[in-house]
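Observations on the three-dimensional arrangement
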Amino acid sequence: LSRAFLRARVDLAADLTESGGARDALQVKALNNAAYLLADRMGQPEEALKLAQRAKQLAPTNSSANDTLAWVYYRMRQYTTALTYLRPSHQSTAVQNYHLAMVYAKLGQANLGHAALSAGLRINPHLPKAAAAQRLLSSDKNPWLRRTYV
């Protein structure tokens, strides 16, 4: 997708919140999607954080809002904070499990990361991002997993 198209989608979601219109599930979804686009595709997690927090505020139990907020924190390299929004019992999609696996990898918790990735692959065996998570969870490629603890 072009950067201009992505920016237009983000601006539309921002307009929804500023007009006070973000009251129903469709508008929460727009905020959530815009936050994800900003963080993941446009490399602007700080800007995405505002939208993700607003979506979470409007729909505190929505697993997609929690996942997006966690992914924004992941993109900001705040892995412990990301984990607080990605509890294993709340993961219902393959992508949510992938995100959990990536956070566990960054926290050096390979066993939990492999379990989360396996759960995601059971939901969708063709998860496009699975290879990236598997590489990160591989101890010879992940400096976080090479640490030794006494």
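Anything mentioned here points back to the structure above.
Residues numbered from 1 in each chain as written. Predicted model: local features only at pLDDT ≥ 70, side-chain atom pairs only at ≥ 80, totals over all residues. Heavy atoms only, no water.

Brief notes about the pattern of salt bridges
Rules: Any carboxyl oxygen of Asp or Glu within 4 Å of a side-chain nitrogen of Lys or Arg constitutes a salt bridge here. A run of H or I in DSSP counts as a helix once it spans at least four residues, and a run of E counts as a strand once it spans at least two, with each numbered from the N terminus. Exposure classes here rest on a 1.4 Å probe applied to the protein chains alone. A residue is buried below 20% of its type maximum, exposed above 50%, and partly exposed in between.
By the definition in use, this model includes one salt bridge. Between Arg75 and Asp40 there is a salt bridge, with its nearest N and O atoms 2.6 Å apart. With Arg75 in helix H4 (residues 63-75) and Asp40 in helix H2 (residues 25-41), this residue pair connects regions lying 35 residues apart in the sequence. Taking relative accessible area as the criterion, Arg75 reaches 36% and is therefore assigned partly exposed.

Re unusual backbone geometry
Even without glycine at this site, Arg77 takes up a positive phi of about 65°. Relative to the assigned elements, Arg77 resides in the loop between H4 and helix H5 (79-85). Owing to a relative accessible area of 68%, Arg77 belongs among the exposed residues under this scheme.

Considering the nonpolar core
Keep this limit in mind: Think of a nonpolar core as a cluster: buried Ala, Val, Leu, Ile, Met, Phe, Trp, Tyr and Cys residues, connected wherever their side-chain atoms sit within 4.5 Å. Contact criterion: two residues are considered in contact whenever any of their non-hydrogen atoms come within 4.5 Å of each other.
The biggest cluster of nonpolar side chains holds 41 residues, and the ones touching the most others in it are Val72, Tyr74, Met102 and Leu117. For this core, the secondary structure elements donating two or more residues are H2, helix H3 (45-58), H4, H5, helix H6 (94-106), helix H7 (110-123) and helix H8 (130-137). Setting aside its immediate chain neighbours within four residues, Tyr74 contacts Tyr79, Ala82, Met102, Val103, Lys106 and Leu136.

Structural notes on the side chain of Asn97
Residue position: Asn97 is located in helix H6. Relative accessible area serves as the criterion here: at 5%, Asn97 is assigned to the buried category. Contacts of Asn97, omitting those with residues within four sequence positions, involve Gln91, Ala116, Leu117, Ala119, Gly120 and Ile123.

A short note on the layout of surface pockets
We apply this condition: Lining residues are defined by having an atom within 4 Å of a point belonging to a cavity or pocket. Those points lie on a 1 Å grid over the protein atoms alone, cavities being sets where a 1.4 Å probe fits but cannot get out and pockets being open sets with protein on both sides within 12 Å along at least five of seven lines. Grid points are joined across faces, edges and corners, and a volume is the space filled by probe spheres set on the points. Residue classes follow a fixed rule: Ala, Val, Leu, Ile, Met, Phe, Trp, Tyr, Cys and Pro count as nonpolar, while Asp, Glu, Lys and Arg count as charged, and any other residue, Gly among them, counts as polar.
There is about 300 Å³ of room inside the largest pocket. Residue lining of the largest pocket: 14 residues in total, with Asn33, Tyr36, Asp67, Thr68 and Val95 positioned closest to the centre. Listed by contribution, the elements that provide at least two residues to the lining of the largest pocket are H2, H4 and H6. Top contributing element to the lining of the largest pocket by residue count: H2, with six residues. The class makeup of the residues in the lining of the largest pocket is three nonpolar, six polar and five charged.

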